[in-house]
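Residues per chain, in single letters:
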Amino acid sequence: MHIEFKIVRMSIVKKILLLFIIFKLLLVLLPAGAQENKTTPSNSLAKDSLSIVKTDSITTKHDSIQPKKKATIEAKVDYQSKDSIIMTGDNMFYLFGDGNVKYMDMELKSEYMRVSMDSSIVYATFGLDSIGHEMGYPVFKDGGGEYEAKTMRYNFKTQKGFATDIITQQGEGYVTAGRTKKLKDGILYMVDGKYTTCDEHDHPHFYLNLTKAKVRTGKNIVAGPAYLVIEDVPLPIALPFGYFPFSKSYSSGVIMPTYGDEMTRGFYLRDGGYYFALSDYIDLALTGEIYTKGSWGLNARSTYRKKYKFSGNFNAGYLVTITGDKGIDYNRTEDFKINWNHNQDPKSNPYTVFGASVNFSSTSYDRNQINSIYNSDMYTQNTKASSINITQRFPDSPWSMSANMQISQNSKDSLISMTLPNMTINMSTVFPFRRKQQLGNERWYEKISLSYSGVLTNSIRAKQEELFTSNLLRDWDNKMTHSIPVSATFSAFKYINITPSVNYNEVWSTKKKLKGYDRTRQAVVPTDTIYGFYRTYDFSASLGFNTILYGMYKPWKVFGDKVQAIRHVFTPTFSLSARPNFGSSNFGFYETFTYYDKDGVVHTETYSPYEGAPSAGRASSSLGFGFQNNLEMKVKSDSDSTGVKKISLIDNFSLSGSYDLTADSMRWSDFSVNLRLKFGKNYNISLSGMLDPYTYVPVVNPNTGQVVGGRRANVMRWEAGKGFARLRSTGTSFSYSFNTESVKKLLSIFTGKKAEDEEDKSSGGNGDSNLPNEGMPGEEGDGQQVKAGGLRSAKKDTGEYDQDGYLKNNINWNLSLGYNISLNYDMSRFDPVSCEYPYKITQGLSISGSLSPSKGWNFNFSTNYDFDSKTFPYMNCSISRDLHCWQMTASFIPMGPYKSYNFSIAVKSSLLQDLKYEQRSSPRDAMDWY
């Protein structure tokens, strides 16, 4: 037996008493210990006689202790106390003030403890402070867990104990009991217990009253009859028995379904099934739904992740929807969906990258299965896009290869565009004539660079019902496109950059589609398809010039020295491009036939039977131009007398267009104008527009004599005295968010006062530091009992208080506005007087916001305003309330085809997620899809 004593603080009288007891104990023990070391026969007989007499007396008094058995305590026992430790002659130890006893892997802390070394029993209880409040509750720790009680008796040898008013945390919840018996291996037997996830242990907001319970620490709780109690009010909801499993690692288990009813499909059980914990990297959840009127569905969800490698999720569903009555309006539809997202960690393989984003479903799936009706993106979008791609790069090589699959689905008309596969082979820019070892100046031909891009596509555009019955050879379009750009950059007169370039494209296809005139349908239609290998090509050349001009203006000193200089950067660009007419008979890419219509008029039709043929038309040669401007100003800094700072006046102002040198009319293109202004570091304004340089003349219907529109005339506006050009289209958009902090800062600018948070910081924090804390809620002296101990500590967070002791009720809010506007020609109307198209303004406004009027309350909304109908076609609102261990949520859509609501109040803990109340309306009852 080994005992260590640690005396932290002890009075003089107690120290003298303790030394006297230790001295008397040594006088008794040392002679017996000395006689053990002697080996003479006479000494041995003396030892035996003494031992027999002492042992008999002890055995008579305590039958349970045998003299020949090993010591009761098998390891070192550490004692510690902040106040004092007292040992008496009967092997009793008393610890006062934050006592701590450690034995092997067990530890007991308490304000007061009594230890019996003979029986190996320790008794612990709480203490009282100067005003009579309880403090220092016993806290016991062992390999099985941690327990806190008001009184505790524990036997170190048998590892059994008894406690009153115990509290222990198991999983996400807490177990309390009036009387508890602890057995070996962390097993607890409880009477009059409670199980709850609320950390207000004395008065939890809710709990399951367990008449009897067995707790296997860290594993499960098995309870006898139990009933639910909310706010100390027992409810007539009882269970004959209860089972609560715990696990630190995720495991398989049953997923409880939700219930409800719909007008069209009847009562239902939904989202119930089984969860499979397949491994540490992947899981699987199989759920289903069933309705009383015959509808049913299955769903499989899986999430996988491997650190530093990849991560993703998969979701597949199948749904059978039955509505109506047989013989009247019976309808049965079968739908499916596949969602798959896969992301590869860039560090796993820098040369091979694989990714997937698949969102495919049948056209009617979303309207028959809407689990997230309050997510507007799911049903306000008509198109869905999916893609799977893989990219392979080759080290120390300019070549790379990628392949992808793309699907675009339009749920409005069930039209699907699919490309499977789409393979690309790329060669990055190389300089084929550059020497491996540079000697002397770079030669002109060494500046020539080229690259290559080849794309193999296999695509189809068809209805959903036609996609899976299509023929790969006849219905799918197959082609391969090659692109080889060649360019170089030279300098002339040191300041002008000249960039010549040639671009060559070639297309390989497997079909040749012939056309003809169908007299029955009175239209030009496809007549035949010839399969084989066909090749088309096109090429073009261009020559570009660009330079940069700088202009510096220094204001006269008579205007002061605040403005140091104004700099103007002017960047002109010119380009000359040429392209032959690939529609001529010399290339053979187009065919022509003539036909008579029903009126006997002769028509000539020209078309290309080849997939990906170059566009036909006359040979073109055009001159392009562009002018970019940047204007900045240097001014003296107000903070630094010797420094200057830059101010952007115009970040970018550009004008671009082209002039066709070979056209017989309409040679000028529209002019593109862009303006960007920069205000500070984070706020920019961008404006863009198209300028129309031509005039218009009316188009008159010969039968009615009315003006039905206008057409361009080959007369420039400056020639007709109408200015340089007229704005054809422009638009801009912006968004801004307002919140509590931004408004405070804005008000502080106008009023010159600091914001409240800045005042708090400057004053050193929470109000006046000289004011006392008496009377503050949550502090000692406010009339509330302050309890010591880990689990019994007060958990209430009443909030922040100002310097006068009043509770601060910070109302946090946020409002986000998004606005876009565009100005365009209204092509449906034409003014014959001014010979101009009037303007049409298109606007869009989106509003979203949140409000937290007090702690725990949150309100969110989002909507859009339609300026054409002058209504809000859609609005989504939600309200939530944090009820400590409960959560209340209410979501509702007050307008539109998805008008509905959803109310739920449930326990936060995932273990008791089925302890809830829900009330909802189905959006199907308000929808009119047809």
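Asker: Got a minute to help me understand the overall build of the chain in this structure?
Answerer: Along the backbone of the chain there are 7 helices and 53 strands. Counting across all 930 residues of the chain, residues that qualify as buried make up 30%. Considering only contacts in the chain between residues 6 or more positions apart, those separated by 24 or more positions represent 49%. Carbon and sulfur atoms make up 57% of the accessible area of the chain, which totals about 57200 Å².

Asker: I'm lost on unusual backbone geometry in this one. Help?
Answerer: Of note, the phi angle at Tyr308 is positive, near 65°, even though the residue is not glycine. On the secondary structure map, Tyr308 appears in the loop between strand S24 (296-306) and strand S25 (310-323). Look at Met666: it is not a glycine, yet its phi comes out positive at around 50°. Along the chain, Met666 turns up in the loop between strand S41 (644-660) and strand S42 (671-679). Here Met666 falls in the partly exposed class, since its relative accessible area comes to 30%.

Asker: Looking at this structure, how should I read the environment of Ile905?
Answerer: Take Ile905: it is sitting in strand S52 (residues 900-907). Residues Ile905 and Arg881, spaced 24 residues apart in sequence, show a C-alpha to C-alpha distance of 9.2 Å.

Asker: Looking at this structure, how should I read a nonpolar patch on the surface?
Answerer: On the surface, Phe493, Tyr495, Ile496, Phe545, Phe574, Leu576, Leu623 and Leu661 cluster together to form a nonpolar patch covering roughly 790 Å² of accessible area. Of note, Phe493 is situated in the loop between strand S33 (490-492) and strand S34 (496-518). You can call Phe493 exposed: its relative accessible area is 73%.

Asker: Sorry if this is basic, but what is going on with the packing of aromatic side chains here?
Answerer: Where two aromatic rings form a pair, the distance of their centres and the angle of their planes describe that pair. Counted under the stated rule, the structure contains 46 aromatic pairs. With a centroid separation of 6.1 Å and 40° between ring planes, the pair formed by Tyr825 and Tyr839 is classed as tilted. Remark: Tyr839 occurs in strand S48 (residues 839-852) and Tyr825 occurs in strand S47 (residues 812-825); sequence separation between them is 14 residues. The class of Tyr839 is partly exposed, set by a relative accessible area of 32%. Three or more aromatic residues link up through ring pairs in this structure, and these residues are Phe570, Phe574, Phe625, Phe627, Tyr659, Trp668, Phe671, Trp718 and Phe724. The aromatic ring of Tyr207 is capped on one face by Lys194, whose charged end is 4.6 Å from the ring centroid. Over the ring of Tyr291 we find Arg265; its NZ or CZ atom is 4.4 Å from the centre of that ring.

Asker: Is there a simple way to explain the pattern of salt bridges in this structure?
Answerer: Pairing of side chains with opposite charge becomes possible as their charged atoms draw close. In the structure shown here, the tally under the stated rule is 26 salt bridges. Here Glu134 and Lys150 are joined by a salt bridge, their closest N and O atoms 3.8 Å apart. Taken together, the positions of Glu134 in strand S8 (residues 134-135) and Lys150 in the loop between strand S10 (145-148) and strand S11 (151-155) put the pair 16 residues apart, joining distant regions of the chain. In this structure, Asp651 and Arg676 form a salt bridge, with 2.6 Å as the shortest nitrogen-oxygen distance. Highlighted residues: Asp651 in strand S41 and Arg676 in strand S42, separated in sequence by 25 residues. Its relative accessible area of 33% is what places Arg676 among the partly exposed residues. One salt-bridge network, held together by shared partners, links Asp670, Asp692, Arg712 and Arg728.

Asker: Explain the layout of surface pockets here, please?
Answerer: Empty space among the atoms becomes visible once a probe the size of a water molecule is rolled across them. A volume near 1600 Å³ is recorded for the second largest pocket. As for the second largest pocket, its lining consists of 49 residues, of which Phe244, Pro245, Ser910, Leu911 and Leu912 are closest to the centre. When residues of the lining of the second largest pocket are traced back to their parent elements, those giving at least two are S10, strand S12 (160-170), strand S17 (226-230), strand S18 (233-239), strand S19 (242-245), strand S20 (253-255), strand S23 (284-291) and strand S53 (916-920).

Asker: So what exactly am I meant to see when it comes to empty space enclosed by the protein here?
Answerer: Taken as a whole, this structure holds 1 cavity of 30 Å³ or more when the rule is applied. Approximately 80 Å³ is the volume attributed to the largest cavity. If you go around the largest cavity, the residues you meet are Phe140, Tyr147, Met152, Arg153, Tyr154, Gly161, Phe162, Ala163, Ile166, Thr180, Lys182 and Leu188. Taken together, the elements giving at least two residues each to the lining of the largest cavity come down to S11, S12 and strand S13 (173-182). With 4 residues, the single largest contributor to the lining of the largest cavity is S12. Of the residues that constitute the lining of the largest cavity, the class distribution is 8 nonpolar, 2 polar and 2 charged.

Asker: How should the environment of Thr606 be read in this particular structure?
Answerer: Within the secondary structure, Thr606 is located in strand S39 (residues 602-607). With a relative accessible area of 47%, Thr606 lands in the partly exposed category. Looking at Thr606, its side chain comes within polar contact range of the side chain of Thr592, at 3.3 Å.

Asker: Explain the environment of Gly355 here, please?
Answerer: One can find Gly355 in strand S27 (residues 352-361). For Gly355, a relative accessible area of 12% translates into the label buried. Sequence-distant contacts of Gly355, defined by excluding residues within four places in its chain, comprise His342, Ile388 and Asn389.

Asker: How do you make sense of the side chain of Lys337 when you look at a structure like this?
Answerer: Inspection of the secondary structure puts Lys337 in strand S26 (residues 331-344). The class of Lys337 is buried, set by a relative accessible area of 15%. In this structure, Lys337 is in contact with Asn299, Asn315, Ala316, Gly317, Phe360, Ser361 and Tyr365, ignoring residues within four places of it in sequence.

Asker: Looking at this model, I keep getting lost on the confidence of the model for the chain. Mind explaining?
Answerer: Any region with low pLDDT has predicted coordinates that should not be read closely. Confidence in the prediction of the chain, expressed as mean pLDDT, is 79, and 81% of residues score 70 or more. pLDDT under 50 marks residues 1-71. Its contacts with residues more than four places away, or in other chains, come to 46 contacts. Throughout residues 372-377 the model reports pLDDT below 50, and contacts reaching past four residues in sequence, or to other chains, amount to 15 contacts.

Asker: Got a minute to help me understand the pairing of S47 in this structure?
Answerer: In the case of a regular strand, side chains alternate between the two sheet surfaces. Relative to S47, strand S46 (residues 726-739) is paired through 11 bridges, and the arrangement is antiparallel. Bridge assignment links Phe734 to a residue of S47, and that residue is Tyr819.

Asker: Can you help me understand the pairing of strand S49 (residues 857-866) in this one?
Answerer: Alignment of S48 against S49, held across 7 bridges, turns out to be antiparallel. Looking across to S49, one finds that Gly849 is bridged to Phe861. Linkage of S48 to S49, two consecutive antiparallel strands, is achieved through a turn of 4 residues, within which Gly856 is found at a positive phi near 100°. Alignment of S49 against strand S50 (residues 871-883), held across 9 bridges, turns out to be antiparallel. Paired with Asn860 across the bridge in S50 is Ser878. Hairpin connection between S49 and S50: a loop of 4 residues separates the two successive antiparallel strands, and Lys870 in this loop has a positive phi of roughly 55°.

Basis of the calculations
Residues numbered from 1 in each chain as written. Predicted model: local features only at pLDDT ≥ 70, side-chain atom pairs only at ≥ 80, totals over all residues. Heavy atoms only, no water. Helix = DSSP H or I, 4+ residues; strand = E, 2+ residues; numbered from the N terminus. Buried < 20%, exposed > 50% of the residue type's maximum accessible area, 1.4 Å probe, protein only. Contact = heavy atoms within 4.5 Å. Areas by Shrake-Rupley, 256 points an atom, 1.4 Å probe, with all protein chains shown as cover. Patch = residues over 30% accessible without salt bridge, like charges linked within 9 Å, V, L, I, M, F, W, Y side chains within 5 Å. Salt bridge = Lys/Arg side-chain N within 4 Å of Asp/Glu carboxyl O. Phe/Tyr/Trp six-rings, centres within 6.5 Å; stacked < 30°, edge-to-face > 60°. Lys NZ or Arg CZ within 6 Å of the ring centre and 35° of its normal. 1 Å grid on protein atoms, 1.4 Å probe; cavity = no way out; pocket = protein on both sides within 12 Å on 5 of 7 lines; lining within 4 Å. Points joined across faces, edges and corners; volume = space filled by probe spheres on them. Nonpolar A, V, L, I, M, F, W, Y, C, P; charged D, E, K, R; others polar. Polar contact = N/O pair within 3.5 Å; in protein donor to acceptor, adjacent residues only side chain to side chain. pLDDT = per-residue confidence, 0-100. Pairing = 2+ DSSP bridges.

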